[in-house]
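# Geometric and topological summary
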Amino acid sequence: MAAHHSSVPEKFAKALEFIEDMTTNADKVQEKVLAEILGRNADTEYLQRFNPGGATDRETFKSRVPVVTYEDLQPEIQRIANGDRSPILCSHPISEFLTSSGTSAGERKLMPTISEEMDRRQLLYSLLMPVMNLYVPGLEKGKALYFLFIKAETTTPGGLVARPVLTSYYKSTHFKTRPMTLQCLHQPDQAILCSDSFQSMYTQMLCGLLMRHEVLRVGAVFASGLLRAIRFLQTHWRQLTHDISTGSLNPRITDPAIQERMAKILYPNTDLAEFLTKECEGENWERIIPRIWPNTKYLDVIVTGAMAQYIPLLDFYSGGLPQACTMYASSECYFGLNLKPMTKPAELVDLADVEVGKEYELVVTTYSGLCRYRVGDILRVTGFHNSAPQFKFIRRKNVLLSIDADKTDESELQKAVENASALLRDFNTSVVEYTSYADTNTIPGHYVIYWELLVKDPANGPTREVLEECCRVMEESMNSVYRQCRVADNSVGPLEIRVVKNGTFEELMDYAISRGASINQYKAPRCVSFTPIVELLDARVLSAHFSPAPPHWTPERRV
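Below, the structure is looked at part by part. Being a predicted model, the structure only gives us computed values, none of them experimental. (Residues numbered from 1 in each chain as written. Predicted model: local features only at pLDDT ≥ 70, side-chain atom pairs only at ≥ 80, totals over all residues. Heavy atoms only, no water.)

Quick look at the packing of helix H17 (residues 410–421) against helix H18 (residues 464–477) now. Where H17 contacts H18, the two axes come as close as 8 Å, and the packing angle between them is 140°. In terms of orientation, H17 lies oblique with respect to H18. Between H17 and H18 the crossing geometry is right-handed. Touching Leu413, Lys415, Ala416, Val417, Asn419 and Ala420 of H17 are Cys470, Val473, Met474 and Ser477, all from H18. For the contact of H17 with H18, the class distribution of residues is seven nonpolar, two polar and one charged. (Axes fitted to C-alpha atoms, helices over the stretch in contact; angles between N-to-C directions. Helix = DSSP H or I, 4+ residues; strand = E, 2+ residues; numbered from the N terminus. Parallel < 35°, antiparallel > 145°, perpendicular 65-115°, else oblique. Left-handed = near helix turned anticlockwise from the far one by under 90°. Contact = heavy atoms within 4.5 Å. Nonpolar A, V, L, I, M, F, W, Y, C, P; charged D, E, K, R; others polar.)

Written as structure tokens, this is what we have:
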């Protein structure tokens, strides 16, 4: 990196110097941060329980404080949520809860946070542009078209707000007063802050089309979000071009803040409307991103872990533009940034003593009071930058199915199948075997569940209506993040059950054994993604059924 510094704009040079300092002394920095956290939180109820002497050194901490999961901390977190303001986990007051897309007992996990964490997040954001500038100089001269959305928030019994981390950031004064390097968003804040997902997406897309030549990068948080934006363009381009041609705003946009903002920038532009009509009316969507935004240098989206399934479709729409993953973060804390954002995704996190090529589970200690907390991410070490290791995000622990922010594990899928199959008892029918598949050929993607049924009396088997009801019951059984994706975000489509011929799972076993699986240890996979297996299943489908109605979801937590 140092070689590039001569041509680096002054405002970015400081940030790069900071990165060099931090990564050169990674282990010392880790030690200092840990001591600072332990010093500040020494008198909390949690640390007093394990470390009453208030020692701040690493060895004492490791020997006395246990490694924990969310479930271990749930009683403490519940007390904070219910209004206990004493220093339980953290000496600073908890300002709000960040709700993770990971769930516990079907509800989003609540991560306590303190107001100063926002400064740490902002610091990490401020390092992204200086790093990207090394690879794509001149980004600050143009705009970024990022499709960003807020999600519903709720209040805990004790009066603290609970919402996803990005919703918290977009609604903060940090976001409103963000420095110019972060200000190059193209769409108005009013659109991002509108909670109606249609109005928000429509306005963001309209602004993106109006300033198509200024856009230098296109993105969303997850790859699935960017694909939803492209899908939105495919569905609504006629109305969007009508607005551009006439200079009037779609009557479905009723948010007064958006109306007021758009009145200032929307005026008739028939040339642009004709250009867009020509690009869209043939329904040829290959390379649509560079065709509409010809100066796009890269896509800024997360394509690691479950999101890797979307890479081929992003390549199709973008003509193979680079996909940059700039940072690695979660509700618990922001972990690091990617110093090689243009390589196939790999993220950087600071930890010394790891070995290249090995996989690790992430454990963090934060200023907000999480101590030796297991986040549930599995990472593989790919190399080092100075003394700080670089990681590739491999997967979430135990997640079977994921389309967007949803994460469904094996036990949740099992419970959903059990609840749905109860409806088959009246028809003397049972589920012999099942597996699942995250189908991303449709946008939005959806869950496909393959069922092999044992129907005792074929003349009196389950009807289509009953099997559709099974789909609906499965969806009702899913965790709240899945149901929110279905109902509020429209980022996951209706669940589908495909009934396969009898003997299909026997064939699946034969196939696995022919490829070297041990007959004694063979278990039917609960999720499939390997193309030949999906094709084997699809070739044996007798009937397909979709959930007839979305499941119930409200921002309130189920108690």
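Additional details are given in the paragraphs that follow.
With that out of the way, let us pick up the nonpolar core. Residues Leu209, Ile289, Trp451, Met474, Leu495 and Ile497 are the most contacted members of the largest nonpolar core, which totals 74 residues. If one sorts the elements of this core by residue count, helix H12 (residues 223–246) sits on top with 10 residues. Leave out the neighbours within four places in its chain, and Leu495 touches Tyr447, Ile449, Cys471, Met474, Glu475, Met478, Tyr482, His545, Phe546 and Ser547. Cys90, Ile150, Met327 and Val375 belong to the second-largest nonpolar core, a separate cluster that totals 71 residues. (Core = buried A, V, L, I, M, F, W, Y, C linked by side-chain atoms within 4.5 Å. Buried < 20%, exposed > 50% of the residue type's maximum accessible area, 1.4 Å probe, protein only.)

Attention shifts here to the sheet that holds strand E7 (residues 298–302). Pairing is parallel in the open sheet, where four strands are placed in the order E3-E6-E7-E8. Bordering the open sheet on either side are strand E3 (143–147) and strand E8 (323–324), each of which pairs with just one other strand. Here E3 pairs with strand E6 (residues 215–222) via five bridges, running parallel. Counted as the bridge partner of Ala144 is Arg217 from E6. The strands that H12 touches are E3, E6 and E7; relative to E6, the one it contacts most, it runs at about 120°. (Pairing = 2+ DSSP bridges.)

By the criterion of burial, strand E19 (residues 496–500) is predominantly enclosed, with five of the five residues buried. Where burial is concerned, the two faces of E19 agree: the one with Glu496, Arg498 and Val500 and the one with Ile497 and Val499 are both buried. Pairing geometry for strand E18 (residues 446–455) and E19, over five bridges, is parallel. Each residue of the ladder has a partner; that of Trp451, found in E19, is Val499. Pairing analysis gives five bridges linking E19 to strand E20 (residues 541–546), with the strands arranged antiparallel. Note on E20: the bridge partner recorded for Arg498 is Ala544.

Following the criterion strictly, the structure yields 10 aromatic pairs and no others. An aromatic cluster is defined as three or more aromatic residues linked by ring pairs; in this entry it consists of Tyr125, Tyr169, Tyr170 and Phe175. Geometry around Phe198 places Arg252 over its ring, the cationic atom sitting 3.6 Å from the centre. In this structure, Arg372 packs its charged tip against the face of Phe61, placed 5.9 Å from the ring centre. (Phe/Tyr/Trp six-rings, centres within 6.5 Å; stacked < 30°, edge-to-face > 60°. Lys NZ or Arg CZ within 6 Å of the ring centre and 35° of its normal.)

On to the state of the cysteines. Here the structure, examined in full by the defined rule, presents zero disulfides. Cys471 provides the cysteine sulfur closest to Cys470, a residue in no disulfide bond, and the two sulfurs are 7.0 Å apart. (Disulfide = S-S within 2.5 Å.)

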